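# A closer look at the structure
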Amino acid sequence: MKSFQMRLGLLPRNSLMNIRLTMWHMTLFHKVKSIGKFLETKWTDGISTSDLIMRIVKDYNEYVMHNLDRGYSRTDLGLSYVKEKRLRVNRGLKKLHERVKKQQEKVEEKVLVLLDPLYIKLTAFHKVMLAP
């Protein structure tokens, strides 16, 4: 059997009676139980482990940025230098995109305010010109 070290906080899992295990898995779970790191969980109807994991993974970048903003270092979060910089650049680009979009909406409003009286005058002129 391969030797390995466990850096384990807690191993939550449903009852071992409900799953088919190989001898290696049985030995592993026995070791985890013997050091008090196994937590038996109950099945809950309507809650999928895969759905929970997807929700966590989906929001991973926001979670990391939130913790970086709170003062955690990239090494505390297990991030490489490049990953941290990529997340920061992406957030900066997102903020820039939002500012550009707001500015674009302001410009559109100002253009409409300027063009509206002109449009009214042109419409009235057009009606006069086309009148029989």
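Let me begin by describing the structure that accompanies this report. (Residues numbered from 1 in each chain as written. Predicted model: local features only at pLDDT ≥ 70, side-chain atom pairs only at ≥ 80, totals over all residues. Heavy atoms only, no water.)

## Focus on a nonpolar patch on the surface
There is a patch of nonpolar side chains on the surface, built from Val107, Val111, Leu114, Leu115, Leu118 and Leu122 and spanning about 560 Å² of accessible area. For Val107, the location among the structural elements is in helix α4 (residues 81–130). Overall, Val107 belongs to the partly exposed group, its relative accessible area being 44%. (Patch = residues over 30% accessible without salt bridge, like charges linked within 9 Å, V, L, I, M, F, W, Y side chains within 5 Å. Areas by Shrake-Rupley, 256 points an atom, 1.4 Å probe, with all protein chains shown as cover. Salt bridge = Lys/Arg side-chain N within 4 Å of Asp/Glu carboxyl O. Helix = DSSP H or I, 4+ residues; strand = E, 2+ residues; numbered from the N terminus. Buried < 20%, exposed > 50% of the residue type's maximum accessible area, 1.4 Å probe, protein only.)

## Focus on the nonpolar core
Formed by Val64, Met65, Leu68, Leu79 and Leu87, the largest nonpolar core amounts to 5 residues. Take this core: its biggest share by element is 3 residues, from helix α3 (residues 60–69). Contacts of Leu87, omitting those with residues within four sequence positions, involve Asn61, Val64, Met65 and Leu79. (Core = buried A, V, L, I, M, F, W, Y, C linked by side-chain atoms within 4.5 Å. Contact = heavy atoms within 4.5 Å.)

## Remarks on the packing of α3 against α4
The geometry of α3 relative to α4 is characterised by a closest axis approach of 11 Å and an angle of 95° between their N-to-C directions. By the angle class used here, α3 and α4 are roughly perpendicular. When α3 is examined against α4, the residues Tyr60, Asn61, Val64, Met65, Leu68 and Asp69 are found in contact with a partner set consisting of Lys83, Glu84, Leu87, Arg88 and Arg91. Its residues placed into classes, the contact of α3 with α4 shows 5 nonpolar, 1 polar and 5 charged. (Axes fitted to C-alpha atoms, helices over the stretch in contact; angles between N-to-C directions. Parallel < 35°, antiparallel > 145°, perpendicular 65-115°, else oblique. Nonpolar A, V, L, I, M, F, W, Y, C, P; charged D, E, K, R; others polar.)

## Comments concerning the environment of Tyr72
Looking at the secondary structure, you find Tyr72 in the loop between α3 and α4. Classification of Tyr72 by relative accessible area gives partly exposed; the value is 40%.

## Some details on the pattern of salt bridges
This structure, assessed with the given rule, holds 4 salt bridges. Across the pair Lys58 and Asp59 runs a salt bridge whose closest N-O atoms are separated by 3.7 Å. The exposure class of Lys58 is exposed, given its relative accessible area of 59%. For Arg88, the salt bridge goes to Glu84, with nearest N and O atoms at 3.1 Å. Remark: Glu84 and Arg88 occur in helix α4; sequence separation between them is 4 residues, near one turn of the helix.

That is the geometry; function is a separate question.
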